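One letter stands for each residue in the lines below.
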Amino acid sequence: MTANKTDVLVIGAGPTGLTMANLLTRSGVKVRILDKKAGPTQETRAIVVHAKILELLDRLDLTDKAFAEGEQLRSAQFFTQGRRTGKLTFLNGNGARRTPYPFGLIYGQDQTEHLLLQSLAETGVLVEWNTELLMLDQNPDGAWARVRVADGSEETIEALWIVGADGAHSPVRHALSLGFEGQTYLQTLFVADLDMEWEAGPRQGGMDMVRQGFFLFIPMHGEGHFRLFGSLPPEMANRDTITLDDVRHLVDTQSGLRVNILKARWISIYRTHQRLAERFRVGRVFLVGDAAHIHSPAGGQGMNTGIGDAFNLAWKLALVVKGEAHDRLLDSYEAERIPFARSILRGSDWGFQILDATRSDLRWFKLFVLPRLFRLISPLPIFQRRVFWLFSQLWTSYRNSPAVAEAESGKREPMAGDRAPYGFFEGGADAGKSIFTKLRDQDHHLFLFEGKRSAQSQTDFPGLEEQVQTLLNEYHVPIHLHALSAENHSLHNLYRADTCTLFLVRPDGHIAYRGKAENLASLRSYLDGLFSKSTNSIRDSATPQVASGS
């Protein structure tokens, strides 16, 4: 049987797989994406896109489109058995100084998939539905997948790399014989898509902690449209389905909140798990999303973490496929994302154990201690900022990654591996614009800061800028140089650039390299370790962009 060839085969067309396919094909990589389902998801449990992922989706020019169909979660009220205990406000001045998106966007997995499918179709790539993986094999030079297509015939696909984005029951993971350690929670949960009215208001989200678990009310797009999550009591835990009347009865008897449920679009029952694959890569095959890790619903982290996996891996794969980076760059995917996934698992597990507490001591803490504590601290701005920061994933950092280099002697943030801080230019043609406007693509960006103490130094800044550009011209990988004069005071303070400093920012928004600008040998050493040299010693290059008053 003759194999059909592609650069990357993506197996699974949920949000993670669709993000991978979008990023790869827009980077000039030949991609095929398939899924054994008949089409995209209709009933979903993932409904929140957090700030870090909104920043990443902006690189695909998709965030504004999501805003048009989503609902900003500006605040949430909290109750204990129907009694109000406090309120969290997410959209405030403090959050807006750290990200363009100081909120969670209520945007369901079904909406996210539709958005990504439309974006992918614009590139000419379509998902191959009703296509099932039968066998997977690989050698040092490539990988093969035998699949059964919609008409029942079989096809062999040869790829340089395969990405398994095929969910919690991942056939790709099984083919690699990888363990998937963790646990299945005892509690049975339900989710209902409802038209309803409740005492907190038509656009207000909230949570009620009750003796048998919790009820979580999420306002969706449209007046009176909500997604309700909740725990089923033991007597209903083994049922396959529940009715609208069952949902009404549960809320009326357990919550104490005044809720008027008018109509149900759909209702689903599910069990939740916490598991982590022992590895995220075996040879030429990678795992992303639920194929690599699954989470409790606490905090709405699962879909966000999967999309984050895709953004972390896709740019690395694209550079390697195009010959612009060495294969060793791909080692950093597992090194960066396994520790991150483990942190998310710990946090979501702790939160879920509290919310759905079955042990008497945890239940007592949830119903009596936590409400009193929350009532005291929830109005504090520092607490609200901290909660937003934890849920947003803006804290993501890869300082221990083999793909980042910290050439500064000090330990002041931001360091290599950290997310590049959000701030604004104050001088030149870019005055008033965010530094993030320079990152709205899938390339690397090198920021050359003149330094706050530049007036005291003897550095020839224009000459140094020219030397840096000459060095960048030696490499295949596109790296855009941006020179920031000292008049950009706030950015110099934000990046703590007291002296002339270089910050190389990766396509996923993380700092790849930080070092003194005069030490170009250190930057060269870093670039040599990961990226391939251009065949021409001097490559045609755009004029460096200078954010200054000159």
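Residues numbered from 1 in each chain as written. Predicted model: local features only at pLDDT ≥ 70, side-chain atom pairs only at ≥ 80, totals over all residues. Heavy atoms only, no water.

(A) Expanded view of the sheet that holds strand E7 (residues 104–106). Reading across from one edge, E3-E7-E4 is the order of the three strands in this open sheet, with antiparallel pairing throughout. Because the sheet does not close on itself, it has two edges, and the strands there are strand E3 (48–49) and strand E4 (71–73). When E3 meets E7, the two strands line up antiparallel, connected through two bridges. Looking at E7, one finds that Val 49 is bridged to Leu 105. (Pairing = 2+ DSSP bridges. Helix = DSSP H or I, 4+ residues; strand = E, 2+ residues; numbered from the N terminus.)

(B) Broad picture of the nonpolar core. Residues Leu 24 and Leu 317 are the most contacted members of the largest nonpolar core, which totals 129 residues. Tallying contributions element by element places helix H8 (residues 302–321) first for this core, with twelve residues. The residues contacting Leu 24, other than those within four sequence positions of it, are Val 8, Val 10, Val 29, Val 31, Ala 314, Leu 317 and Ala 318. Residues Phe 190, Met 196, Trp 198 and Ile 261 belong to the second largest nonpolar core, which totals 21 residues. (Core = buried A, V, L, I, M, F, W, Y, C linked by side-chain atoms within 4.5 Å. Buried < 20%, exposed > 50% of the residue type's maximum accessible area, 1.4 Å probe, protein only. Contact = heavy atoms within 4.5 Å.)

(C) Quick look at the side chain of Ser 27. Within the element layout of this structure, Ser 27 appears in the loop between helix H1 (15–26) and strand E2 (31–34). With relative accessibility at 16%, the residue Ser 27 sits in the buried group. Once residues within four sequence positions are removed from consideration, Ser 27 is found in contact with Ala 318, Lys 322 and Gln 442.

(D) Main features of the packing of H8 against helix H9 (residues 331–355). Contact geometry for H8 and H9: axes closest at 10 Å, N-to-C directions at 170°. For the element pair H8 / H9, the angle class is roughly antiparallel. Only Ser 332, Tyr 333, Glu 336, Arg 337, Phe 340 and Ile 344 of H9 make contact with H8, whose side of the interface consists of Thr 305, Gly 308, Asp 309, Asn 312, Leu 313 and Lys 316. Taken together, the residues of the contact of H8 with H9 break down into four nonpolar, four polar and four charged. (Axes fitted to C-alpha atoms, helices over the stretch in contact; angles between N-to-C directions. Parallel < 35°, antiparallel > 145°, perpendicular 65-115°, else oblique. Nonpolar A, V, L, I, M, F, W, Y, C, P; charged D, E, K, R; others polar.)

(E) Looking closely at the sheet that holds strand E14 (residues 225–231). Taken together, eight strands build an open sheet; the order of strands is E6-E5-E12-E13-E14-E11-E15-E18 and the sheet is mixed. What marks the edges here is a single partner per strand, and that holds for strand E6 (83–89) and strand E18 (293–294). The pairing of strand E11 (residues 180–198) with strand E15 (residues 259–277) spans 16 bridges and is antiparallel. Each bridged residue has a counterpart across the sheet, and for Glu 197 the counterpart in E15 is Asn 260. Those strands touched by helix H7 (residues 244–254) are E11, strand E12 (205–210), strand E13 (213–219), E14 and E15, and its axis lies near 85° from that of E15.

(F) Structural view of the pairing of strand E9 (residues 142–148). Alignment of strand E8 (residues 132–139) against E9, held across seven bridges, turns out to be antiparallel. Paired with Met 135 across the bridge in E9 is Arg 146. Counting the residues that bridge the hairpin from E8 to E9 gives two residues. Alignment of E9 against strand E10 (residues 154–164), held across six bridges, turns out to be antiparallel. Pairing of Val 147 across the sheet is with Glu 155, part of E10. Turn length for the E9-E10 hairpin, with the two strands adjacent in sequence and antiparallel, is five residues, and the turn residue Gly 152 shows positive phi of about 95°.

(G) Spatial organisation of the environment of Gln 42. Relative to the helices and strands, Gln 42 resides in the loop between E2 and E3. The class for Gln 42 is exposed, based on a relative accessible area of 58%. When near neighbours in sequence (up to four residues on either side) are disregarded, Gln 42 contacts Asp 110 and Trp 266. Polar side-chain contacts of Gln 42 include one of 3.3 Å to the backbone oxygen of Pro 40. (Polar contact = N/O pair within 3.5 Å; in protein donor to acceptor, adjacent residues only side chain to side chain.)

(H) Layout of the pattern of salt bridges. For the structure on display, the rule yields 34 salt bridges. For the salt bridge of Glu 154 with Arg 146, the shortest nitrogen-to-oxygen distance reads 3.3 Å. The exposure class of Glu 154 is partly exposed, given its relative accessible area of 38%. The exposure class assigned to Arg 146 is partly exposed, which follows from its relative accessible area of 28%. A salt bridge links Lys 316 to Glu 336, with the shortest nitrogen-to-oxygen separation between them at 2.8 Å. Residue Lys 316 is located in helix H8, and its partner Glu 336 is located in helix H9; the two are separated by 20 residues in the primary sequence. (Salt bridge = Lys/Arg side-chain N within 4 Å of Asp/Glu carboxyl O.)

(I) Summary view of H8. Under the 1.5 Å per step criterion, the end-to-end length of H8 is 28 Å for 20 residues, consistent within 8% with the ideal 28 Å. Counting buried residues in H8 gives 19 out of 20 residues, a clear majority hidden from the surface. Of the residues trailing H8, Gly 323 is marked for its positive phi of about 75°. (Expected span 1.5 Å × (residues − 1).)

(J) Structural detail: H7. Of the positions making up H7, those classed as buried are Asp 246, Val 247, Leu 250, Val 251 and Gln 254. Down the axis of H7, the sector holding all buried residues measures 130°, keeping them to one side. Exposed side chains of H7 directed beyond 90 degrees from the buried face belong to Asp 245, Asp 252 and Thr 253. Buried positions along H7 lie against E11, E12, E13, E14 and E15. Following H7 by one or two positions, Gly 256 adopts a phi angle in the positive range, close to 85°. (Arc of directions from axis to C-beta.)

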